[in-house]
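The chain contents come next:
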Amino acid sequence: MKEVRLFVDPENVGRVMNAMADVGVTGFYAIEYRGVAPDRWAGFEIREDPEGAIKALNDLSERAVMIVTVVPEECVEKLKDAVAERLAGERYTTIVTDVEEIHVEGR
């Protein structure tokens, strides 16, 4: 099994959800956050006081969404291709990692 994390701009969440449906993904979670893209951070140094650091985060960060799913290994390339097709010309980041164990306890 593989964990796939997709980082996208908020306006592209629906496109990613449709890409996941295209390849049969059955579940995921999404977290909205504020992030700093590498091109905005490169060569930048902040003042190390708390107020200066918080101001820098507020000034540099942008809204983003992280969508996470776990899929069989054979599904990863199909998912990456579907996302690439639906997000052609848009910025996004994909991270794929191994999943060693999944334990689900329900009622």
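Above this text sits the structure in question.
Right, let's walk through the structure included here. (Residues numbered from 1 in each chain as written. Predicted model: local features only at pLDDT ≥ 70, side-chain atom pairs only at ≥ 80, totals over all residues. Heavy atoms only, no water.)

Here we take up the overall build of the protein. Summing up its helical and strand segments, the protein has 4 helices and 4 strands in all. Taken from the N to the C terminus, the helices and strands of the protein come in the order β-α-β-α-α-β-α-β. Relative to its length of 107 residues, the protein is extended, with a C-alpha radius of gyration of 17 Å against a globular reference of 13 Å. C-alpha atoms of the protein, sized along the principal axes, occupy 45 × 40 × 25 Å. The contacts of the protein with a sequence gap of at least 6 include a subset with a gap of at least 24, amounting to 86%. In the form shown here, the protein has an accessible surface area of approximately 7500 Å², with 50% of it arising from carbon and sulfur atoms. Put simply, the protein has 13 plus and 22 minus side-chain charges, and the middle of one group is 5 Å from the middle of the other. (Helix = DSSP H or I, 4+ residues; strand = E, 2+ residues; numbered from the N terminus. Rg over C-alpha atoms; globule rule 2.2 N^0.38 Å. Contact = heavy atoms within 4.5 Å. Areas by Shrake-Rupley, 256 points an atom, 1.4 Å probe, with all protein chains shown as cover. Lys, Arg positive; Asp, Glu negative; His and termini not counted. Charge placed at Lys NZ, Arg CZ, Asp CG, Glu CD.)

With that settled, consider the nonpolar core. One finds V8, V16 and I67 to be the most contacted residues of the largest nonpolar core, which totals 17 residues. Elements that contribute at least two residues to this core include exactly β1 (2-8), α1 (13-22), β3 (62-71) and α4 (73-86). The element that contributes the greatest number of residues to this core is α4, accounting for 5 residues. In this structure, V16 is in contact with L6, V8, I67 and L87, ignoring residues within four places of it in sequence. (Core = buried A, V, L, I, M, F, W, Y, C linked by side-chain atoms within 4.5 Å. Buried < 20%, exposed > 50% of the residue type's maximum accessible area, 1.4 Å probe, protein only.)

Before going further, it helps to examine the environment of V96. By the element assignment, V96 lies in strand β4 (residues 92-98). Considered as a pair, V96 and E3 are 93 residues apart in the sequence and their alpha carbons are 5.6 Å apart. Setting aside residues no more than four positions away along its own chain, V96 makes contact with K2, E3, V4, V76 and K80.

Attention now goes to the sheet that holds β4. If you trace the 4 strands from one edge of the open sheet to the other, you get β2-β3-β1-β4, paired in antiparallel fashion. Looking at the sheet topology across the chains shown, the edges are occupied by β2 (29-35) and β4. Direction aside, neighbouring strands of the sheet carry axes that sit 20° apart on average. As defined by bridge partners, β1 adjoins β3 across 7 bridges and the pair is classed as antiparallel. Bridge pairing in β3 links V4 to T69. (Pairing = 2+ DSSP bridges. Axes fitted to C-alpha atoms, helices over the stretch in contact; angles between N-to-C directions.)

An α-helix turns once per 3.6 residues; consequently, residues spaced three or four apart project the same way. When we look at burial in α1, the residues that qualify are V13, V16, A19 and M20. Each buried residue of α1 sits inside an arc of 120° when the element is viewed along its axis, so together they form one side. Buried residues along α1 sit against β1, β3 and α4. Looking at the residues trailing α1, positive phi occurs at G24, about 85°. (Arc of directions from axis to C-beta.)

What follows concerns a nonpolar patch on the surface. Together, M1, V70, I102 and V104 line one region of the surface with nonpolar side chains, adding up to about 390 Å² of accessible area. By the secondary structure assignment, M1 is in the segment before β1. Since its relative accessible area comes to 47%, M1 is described here as partly exposed. (Patch = residues over 30% accessible without salt bridge, like charges linked within 9 Å, V, L, I, M, F, W, Y side chains within 5 Å. Salt bridge = Lys/Arg side-chain N within 4 Å of Asp/Glu carboxyl O.)

Tallied over the entire structure, the rule returns 9 salt bridges. Of the charged contacts, one joins R5 and E3 as a salt bridge, the two residues approaching to 2.9 Å between their closest N and O atoms. Looking at E3, the relative accessible area reads 19%, which means it is buried. Look at the salt bridges and you will find they share partners, linking D9, E62 and R91 into a network.

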